[in-house]
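A structural walkthrough
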Amino acid sequence: MNCTSVVIADRHPVVLQGLASVLEARNGFKVVACCSTGTSCIEAIRNLTPDIAVIDIAMPGLTGLEIITVANSEGLATRVVFFTAVIEERQLALSAAAGAYGVILKDVALETLVQSLREVATGQRLLPPPSIDHAIPSEQKNIAITESVLTVLTERERQIMRLVSEGLSNKEIGRRLNIADGTIKQHLHHIYQKLEISNRTVLAALAISHIERGGLLEDQAPIIHCD
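Everything numeric here is computed off the predicted structure, so don't read it as measured data.

**Examining the overall build of the chain**
Helix and strand counts for the chain come out as 10 helices and 5 strands. Considering only intrachain contacts with a sequence separation of at least 6, the fraction spanning at least 24 residues in the chain is 66%. Working note: accessible area of the chain is about 11100 Å², and carbon and sulfur atoms make up 52% of it.

Here it is as structure tokens:
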């Protein structure tokens, strides 16, 4: 039997140790790292390239959603599964849009947990896109899900998100949109809150991922250039 390498990340030591013990006691799994912060988790994924990463969605440092967004932007092949006590519909949509292979609740039976990870190891996804017809091709589903998440943003916030993805600074964005630097900072703060992220690197990665899937961040609204 092929051995599936796993990185585990959870902010609670008891959960972290317990999950590691469960997987190590099963044939076919090798836990290569246990992480207590989001930062150490993304470093482990970069350095160890595990087959699967089982991540608490509410990690300190970088959240689970930020970890998967960074991993996707860097082309890392690790399959991410979120392991969480509770999840809201919006978080579920964000997880699917980001490309997570599944969301497993922490109160699930041990055998169900293990079987779910075995399925992920073979390439199966546990997370069907919510409220999307299964007849729609997966690429279109991903676009539709991301669009539904981004509807919380205003048109101006979408414009700023796109310009951030192009590598522009706040001052450069302000000149492009003819608005003050302080206003850009306020918009970014609102965007971070709405998308539940904490920095512009993750925002840029999310925007690039969305654009590469064929999505639009704005309705082609004109951008004002100030010379």
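**Quick word on the environment of I42**
Considering the arrangement of structural elements, one finds I42 in helix 2 (residues 38-48). Judged by its relative accessible area of 3%, I42 falls in the buried class. Counting along the chain gives 33 residues from I42 to A9, while the straight-line C-alpha distance between them is 9.6 Å. Not counting residues up to four positions away in its chain, the partners in contact with I42 are L62, I67, V70, A71 and L76.

**As for the packing of aromatic side chains**
Scanning all chains against the criterion turns up 0 aromatic pairs. Seen from the ring of Y101, R125 lies directly overhead, with NZ or CZ sitting 3.9 Å from the centre.

Calculation rules
Residues numbered from 1 in each chain as written. Predicted model: local features only at pLDDT ≥ 70, side-chain atom pairs only at ≥ 80, totals over all residues. Heavy atoms only, no water. Helix = DSSP H or I, 4+ residues; strand = E, 2+ residues; numbered from the N terminus. Contact = heavy atoms within 4.5 Å. Areas by Shrake-Rupley, 256 points an atom, 1.4 Å probe, with all protein chains shown as cover. Buried < 20%, exposed > 50% of the residue type's maximum accessible area, 1.4 Å probe, protein only. Phe/Tyr/Trp six-rings, centres within 6.5 Å; stacked < 30°, edge-to-face > 60°. Lys NZ or Arg CZ within 6 Å of the ring centre and 35° of its normal.

Purely geometric stuff here, so don't read any function into it on its own.
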